[in-house]
Amino acid sequence: MNTLKYLQNNEFLLDVDLWRLFANLEELNKISLSFLKAFFESVKKHISKSASPMDFSSVLRTFFQGDLCQTHQIYCLNYTSAIFYLENLRQREDFGIYLKWCEQNEQCKRLHLPELLVAPLHRLTRYPLLLNNIWKRSTDETEKNFIQSLKEKVEKSIRDLEGKVKWLDNFQKFRQLQEVIIWPQVWDRDKRFFVPECLKQNLRENSNENILSSVNRLLLHEGRLMLAESTRLLDVYLFLFDDFLLITKIKRNKKKHGGSDTSLIPVCPSLTPELQSFIREGGFCTVLDQPIPLDRLILKNVEPIQVTVFSLRNAFLVQHENRYRQCIAVFLLQAQTETAKKAWMSQIETAISNYTTQHETKKSTAFCFPVESSEI
C-alpha cells in the first residue's frame, strides 16, 4: 500500500483506487498495533511488579468493546470486492510490474497479494480462540464471566459479518449475471408471435432483466449441458436458482469490438471457473425459453436404452407445465458424464423440495407465488 502511494505521488498508477484494493487497512493496522502494545505493556508491568496480578481485563475491555471488531468488519466486507478488483488490475502490464516488485520483498515471505489481503479475516476468526484460552486460565470468577461475555460478543460479530459477506457476494454475482444473460424479445424467441413495429416499444418496457435484480434470490447450481434438438445438439448453459430454472444458449464472441481486450473484463470470483473464462472471452448467454418455476418443473430420468437410436448418453428430461398441469415445453438434456448428470438431477430435486417446503406455509401471501406462465 505504501509503495502504491509513493508511485501515485510520482504520477504513476493514478487510476488505481487505493480504497477498493486496501480498504481501511491503515486504520486496522493502527488499532491492531495499539492492542499489541497495550497487551505487552500489561505484561511488562506484571514482570516489574511481580506481586501485582496480570491486568488483562482492562486491555480486553478497551479494544473488544471498542473499535477492534468493527474495524475488522469494515475491512472484511470489502475483501471480496478487493479480490474482484485485483484480478482486473493484474491484467495490466504496469500494475503487474508494481505487484511483482512488491511481492519479491522478503517481508512478503513469498506470499502473493491475495494471500496477504486475506490475513485480517483469519485474524478476526482467531480472536474467540484467544479469549477462550484466557478464560480457561483465569481463576477469578468475575473475570471469567467478563471474558465469556467478550467471547460471545466477538462470535456474534463474526456471525453478523458472515451474513453480510454472503449478501455482498450474492449481490456482486447477480450484478455480473445481469450483464451476461441476454433476454430476447418474445417475437425474436418464438416466430409464432407477430407484433407490428408500432407496438413493439410498448412491450419492450416490461424488462425481463429485473428478474435477476432480487437480492433475496440465490444461485444454487450452474453449468454447461447439451440440448437435444431434432437435427443437432445445442450447447446450452443452465442456471438453477432457488425458485426457477433458466436455460440459455451459449454465444461466443468471435471478434472483439473495436479491438478492445476482453481479458480485462472484471469477473466475479465466486462464479464457476468455466463461466469466468467464458465471460473473459466476451461471451454471453441468450435465454432460450421463459424461466421454469420450480413448482412447474417435472424432472425425469432417461435410461440409455430409451435414446440409443439418437446416440445420447447421460440424458435427463426437464418438463415445463403451466398452472393447469399441461406440458408447454420439454427439454432433453445431456451431461458430459453420468456423475455430472446425477449431480444436476440431485440439485434440481433438492431445490424443488426446498421450494415446496418453504412455500407450503406461505400460500396466503401473494408475493410468494412464482410468476405464472404466459402460455396455457
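The shown structure was predicted, so the numbers you read here are calculated from the model rather than taken from an experiment.

## Concerning the overall build of the protein
- Along its length, the protein carries 13 helices and nine strands.
- In the protein, buried positions account for 39% of the 376 residues.
- When contacts within the protein are restricted to residue pairs at least 6 apart in sequence, those whose partners lie at least 24 apart make up 66%.
- Entry remark: accessible area of the protein is about 22800 Å², with carbon and sulfur atoms responsible for 53%.

## Focus: helix H8 (residues 119-137)
- With 19 residues, H8 ought to run about 27 Å at 1.5 Å a step, and its terminal C-alpha atoms sit 27 Å apart, in line with that.
- Of all the bends in H8, the greatest, near 30 degrees, is centred on Arg-126, and the proline Pro-128 appears no more than four residues after it.
- The set of residues buried in H8 consists of Pro-120, Leu-124, Tyr-127, Pro-128, Leu-131 and Ile-134.

## Section: helix H4 (residues 56-64)
- Taken together, the buried positions of H4 are occupied by Phe-56, Ser-57, Val-59, Leu-60, Phe-63 and Phe-64. In an axial view of H4, the angular spread of the buried residues amounts to 165 degrees, which keeps them on one side of the axis.
- Of the surrounding secondary structure, the elements contacted by the buried residues of H4 are helix H3 (25-48), helix H5 (68-89), H8 and helix H9 (141-180).

## Focus on the packing of aromatic side chains
- Summed over all chains, the structure comprises 11 aromatic pairs.
- Ring geometry for Phe-35 and Phe-39: centres 6.1 Å apart, planes at 65 degrees, overall edge-to-face. Highlighted residues: Phe-35 and Phe-39, both in helix H3, separated by four residues, approximately one helical turn.
- Using a relative accessible area of 8% as the deciding quantity, one classes Phe-35 as buried.
- Judged by centre distance (4.8 Å) and plane angle (40 degrees), the ring pair of Phe-241 and Phe-244 falls under tilted. As far as the burial class goes, Phe-241 and Phe-244 line up, both buried.
- In this structure an aromatic cluster arises from ring pairing among Phe-35, Phe-39, Phe-63, Phe-64 and Tyr-127.
- Stacked on the ring of Phe-146, the Lys or Arg Arg-61 has its end atom at 4.4 Å from the ring centre.

## Here's the deal with the packing of H8 against H9
- Between H8 and H9, the shortest axis-to-axis distance is 9 Å and the interhelical angle comes to 165 degrees. Here H8 lies roughly antiparallel to H9, going by the angle between them. Judged by the sense of rotation from one axis to the other, the crossing of H8 with H9 is left-handed. Judged by residue contacts, Leu-124, Thr-125, Tyr-127, Pro-128, Leu-131, Asn-132, Ile-134, Trp-135 and Lys-136 of H8 engage Lys-144, Ile-147, Gln-148, Leu-150, Lys-151, Val-154, Glu-155, Ile-158 and Leu-161 from H9.
- Per-class residue counts for the contact of H8 with H9 are 11 nonpolar, three polar and four charged.

## Quick word on the packing of H3 against H4
- H4 packs onto H3 with a crossing angle of 170 degrees between their chain directions and a minimal axis gap of 9 Å. As the angle between them shows, H3 and H4 are arranged roughly antiparallel. Of the residues in H4, those touching H3 at Ile-31, Ser-34, Phe-35, Ala-38, Phe-39 and Ser-42 are Phe-56, Val-59, Leu-60, Phe-63 and Phe-64.
- Class assignment for the residues of the contact of H3 with H4 results in nine nonpolar, two polar and no charged.

## With respect to the pattern of salt bridges
- A complete count under the given rule lists 14 salt bridges for this structure.
- Among the salt bridges present, the one from Arg-92 reaches Asp-94, with a minimum N-O distance of 3.0 Å.
- Note that Lys-151 is salt-bridged to Glu-155, the shortest N-O span being 3.1 Å. With Lys-151 and Glu-155 both in helix H9, this residue pair falls four residues apart, about one helical turn.
- A single salt-bridge network, built from bridges that share partners, covers Asp-15, Arg-92 and Asp-94.

## A closer look at a nonpolar patch on the surface
- Judged by side-chain polarity, Leu-33, Leu-36 and Phe-40 come together as a nonpolar surface patch covering roughly 280 Å² of accessible area.
- With respect to the helices and strands, the residue Phe-40 is situated in helix H3.

## A short note on the pairing of strand S4 (residues 244-251)
- Of all eight residues that make up S4, six are buried, and the element is covered over most of its length.
- Pairing between strand S3 (residues 233-241) and S4: five bridges, direction antiparallel. Following the sheet pairing, Phe-239 is matched in S4 by Leu-246.
- Of the strand pairs in this sheet, S4 and strand S6 (residues 292-293) are connected by two bridges, and their pairing is antiparallel. If you follow Phe-244 over to S6, its bridge partner there is Pro-293.
- Two strands pair when backbone bridges link them, and S4 and strand S5 (residues 284-287) are joined in this way by four bridges, in the antiparallel orientation. Looking across to S5, one finds that Lys-251 is bridged to Phe-284.

## Remarks on the confidence of the model for the protein
- Chain-level pLDDT for the protein is 85 on average; 88% of the residues reach the 70-or-more range.
- Here residues 255-262 is modelled with pLDDT under 50, and outside its nearest four sequence neighbours on either side it reaches six contacts, counting other chains as well.

## Thoughts on unusual backbone geometry
- Even without glycine at this site, Lys-109 takes up a positive phi of about 50 degrees.
- Topologically, Lys-109 is positioned in the loop between helix H6 (93-103) and helix H7 (113-117).
- You will see that Asn-314, though not glycine, has its phi angle at about 50 degrees, which is positive.
- Along the polypeptide, Asn-314 turns up in the loop between strand S7 (297-301) and strand S8 (315-321).

Rules of the game
Residues numbered from 1 in each chain as written. Predicted model: local features only at pLDDT ≥ 70, side-chain atom pairs only at ≥ 80, totals over all residues. Heavy atoms only, no water. Helix = DSSP H or I, 4+ residues; strand = E, 2+ residues; numbered from the N terminus. Buried < 20%, exposed > 50% of the residue type's maximum accessible area, 1.4 Å probe, protein only. Contact = heavy atoms within 4.5 Å. Areas by Shrake-Rupley, 256 points an atom, 1.4 Å probe, with all protein chains shown as cover. Expected span 1.5 Å × (residues − 1). Bend = angle between axes of the 7 residues up to and from the residue. Arc of directions from axis to C-beta. Phe/Tyr/Trp six-rings, centres within 6.5 Å; stacked < 30°, edge-to-face > 60°. Lys NZ or Arg CZ within 6 Å of the ring centre and 35° of its normal. Axes fitted to C-alpha atoms, helices over the stretch in contact; angles between N-to-C directions. Parallel < 35°, antiparallel > 145°, perpendicular 65-115°, else oblique. Left-handed = near helix turned anticlockwise from the far one by under 90°. Nonpolar A, V, L, I, M, F, W, Y, C, P; charged D, E, K, R; others polar. Salt bridge = Lys/Arg side-chain N within 4 Å of Asp/Glu carboxyl O. Patch = residues over 30% accessible without salt bridge, like charges linked within 9 Å, V, L, I, M, F, W, Y side chains within 5 Å. Pairing = 2+ DSSP bridges. pLDDT = per-residue confidence, 0-100.

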